[in-house]
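# Observations on the model geometry
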Amino acid sequence: MKAVTDVDKVHRIRDRLRGAQHVVVLTGAGISAESGVPTFRGEGGLWREYRAVDLATPQAFQRDPRLVWEFYNWRREVLAPLSPNPGHEALVRLEQRVPRFTLITQNIDGLHEKAGSHNILELHGNIWHVRCPGCGTVTEDRRVLPPMPLCAGCGQLLRPHVVWFGENLDPAILTRAYEAVQRTDFMMIVGTSGTVEPAASMGMLAKRKGAWLVEVNLEATPHTSFYDASILGKSGEILPLICEAL
Ligand code: BJW
Ligand code: ZN
């Protein structure tokens, strides 16, 4: 690490962490970038001529379910061989070392679970789960699926069990996330552009409730100036520094 100020910041963050009672970490696509997962709004956030956000909508699925399934099957193929990186692994150690820990993730890639984190709230679902809009059944299925996969129970077209734009988040998961955000005394926001609600406002909510906030991101976000500390850099390099020797 080049700048002395970054070293000072890491010490300050570690001091805060040592005194924390309930640590909340909110992650976005950036934490998985070093594992090889494309982010949404950066370079590489494209499949064919589409941006991910063009296909991650209920309207796109209604219009052309085959295209949307092709997109998710392609992402399953990309994700299947990928492994967690040192950023995910640092959060596993952090969970073991603090009194209370909640990991809120916007990611659907399952890499936090693969790394060994336990108390995970997946706000936007999980790409390895499919849901039947007909009978509501949710099942885990890690295969690349047929072009138009059908529910074994009722025959309806299955969909990825993820949250698309304009859809409500799972209320049970959202309630648990808000509970954690309102009670935390230390919150770390990692690798998210802070543009998608309701996750984007969670940091500000925690701050209003008195938490100390740190952001780890390659670049500044719309919320950076409101947080107590910001470290610009790769989460796979910064998180191990923050979480070591606690
Ligand atoms: C690194 C790095 C490295 C890179 N190290 N950092 C209030 C106001 C206005 C609008 C709304 C509102 N409330 C709700 C809405 C509508 C909408 C919304 O937020 N719109 C905005 C665009 C304004 N929200 C919704 O529709 C949500 N539903 C909802 O709230 O229901 C109630 C409601 C509906 C309508 C109106 C009002 C209320 C649902 C949102 C679902 C989001 N779904 C997706 C797709 C999931 C499935 C899939 O993957 O296919 O979730 S969209 C996509 O964005 C995905 C992500 O989880 C999400 C966030 O992206 P993220 O993680 O931040 O990624 P990036 O790429 O944007 O950023 C990466 C960051 O990493 C960058 O900052 C890099 O610098 C950094 N980085 N490498 C550290 N190595
Ligand atoms: Zn069904």
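Residues numbered from 1 in each chain as written. Chains lettered and ligands numbered in written order. Predicted model: local features only at pLDDT ≥ 70, side-chain atom pairs only at ≥ 80, totals over all residues. Heavy atoms only, no water.

Taken domain by domain, the chain consists of domain 1 (4-37 + 84-124 + 169-243) and domain 2 (38-81 + 126-162). Taken over C-alpha atoms, the centre of domain 1 sits 26 Å from the centre of domain 2. Contacts between the two partners involve 14 residues from domain 1, matched on the other side by 13 residues from domain 2. Surface buried jointly by domain 1 and domain 2 totals about 1,000 Å² across both partners, of which 57% is contributed by carbon and sulfur atoms. For the interface between domain 1 and domain 2, the tally reads zero salt bridges. Seen at the junction of domain 1 and domain 2, the total is three residue pairs in polar contact (both at pLDDT 80 or more). (Domains from an automatic or database assignment. Contact = heavy atoms within 4.5 Å. Buried area = accessible area lost by both parts, 1.4 Å probe. Salt bridge = Lys/Arg side-chain N within 4 Å of Asp/Glu carboxyl O. Polar contact = N/O pair within 3.5 Å; in protein donor to acceptor, adjacent residues only side chain to side chain.)

Near ligand 1, the surroundings consist of 35 residues, among which Tyr72, Arg75, Gly166, Ser193 and Asn217 are the closest. Gln106 is positioned such that a nitrogen or oxygen atom in its backbone is 3.0 Å from an oxygen atom of ligand 1. Between ligand 1 and Ser193, the relevant distance is 2.6 Å, taken from an oxygen atom to a side-chain nitrogen or oxygen of the residue. In the complex, the protein chains occlude 76% of the 1,500 Å² of accessible area that ligand 1 would expose alone. Where the shell around ligand 1 is concerned, the elements lending two or more residues are helix H2 (30-33) and helix H5 (65-79). Class assignment for the residues of the shell around ligand 1 results in 14 nonpolar, 14 polar and seven charged. (Near = heavy atom within 4 Å. Areas by Shrake-Rupley, 256 points an atom, 1.4 Å probe, with all protein chains shown as cover. Helix = DSSP H or I, 4+ residues; strand = E, 2+ residues; numbered from the N terminus. Nonpolar A, V, L, I, M, F, W, Y, C, P; charged D, E, K, R; others polar.)

What follows is about the coordination of the zinc ion (ligand 2). As a benchmark, a tetrahedral metal site with four donors has ideal angles of 109.5 degrees, while an octahedral site with six donors has ideal angles of 90 or 180 degrees. Each protein donor to the zinc ion (ligand 2) is listed here as Cys132 (SG), Cys135 (SG), Cys151 (SG) and Cys154 (SG); together their distances run 2.3 to 2.4 Å. Each of the four donor atoms bound to the zinc ion (ligand 2) contributes to angles spanning 95 to 122°, and the resulting shape is tetrahedral. Mapping the donors of the zinc ion (ligand 2) onto the primary sequence yields the spacing C-x2-C-x15-C-x2-C. Highlighted residues: Cys135 in the loop between strand E6 (125-131) and strand E7 (138-140) and Cys154 in the loop between E7 and strand E8 (159-162), separated in sequence by 19 residues. The exposure class of Cys135 is partly exposed, given its relative accessible area of 43%. (Donors = N, O, S within 2.8 Å, 3.2 Å for Na, K, Ca; no water. Tetrahedral: all angles 85-135°; square planar, octahedral: opposite > 155°, others 65-115°. Buried < 20%, exposed > 50% of the residue type's maximum accessible area, 1.4 Å probe, protein only.)

Here we take up the packing of helix H6 (residues 86-97) against helix H10 (residues 235-243). Between H6 and H10, the shortest axis-to-axis distance is 7 Å and the interhelical angle comes to 20°. In terms of orientation, H6 and H10 fall into the roughly parallel class. Relative to H10, H6 is oriented so that their crossing is left-handed. For the pair H6 and H10, the contacting residues are Pro86, Gly87, Ala90, Leu91, Arg93, Leu94 and Arg97 in the first and Ser235, Gly236, Leu239, Pro240 and Cys243 in the second. Looking at the contact of H6 with H10 residue by residue, the classes come out as seven nonpolar, three polar and two charged. (Axes fitted to C-alpha atoms, helices over the stretch in contact; angles between N-to-C directions. Parallel < 35°, antiparallel > 145°, perpendicular 65-115°, else oblique. Left-handed = near helix turned anticlockwise from the far one by under 90°.)

The next thing to look at is the packing of aromatic side chains. Here the structure, examined in full by the defined rule, presents eight aromatic pairs. Where Phe71 meets Trp74, the ring centres are 6.4 Å apart and the plane angle is 20°; that geometry is what we call stacked. Of the two residues, Phe71 and Trp74 both sit in helix H5, three residues apart, roughly one turn of that helix. Of the aromatic side chains, those joined through ring pairs into one cluster are Trp47, Tyr50, Phe61, Phe71, Tyr72, Trp74 and Trp164. Arg159 extends its terminal NZ or CZ atom over the ring of Trp164, reaching a point 3.9 Å from the ring centre. (Phe/Tyr/Trp six-rings, centres within 6.5 Å; stacked < 30°, edge-to-face > 60°. Lys NZ or Arg CZ within 6 Å of the ring centre and 35° of its normal.)

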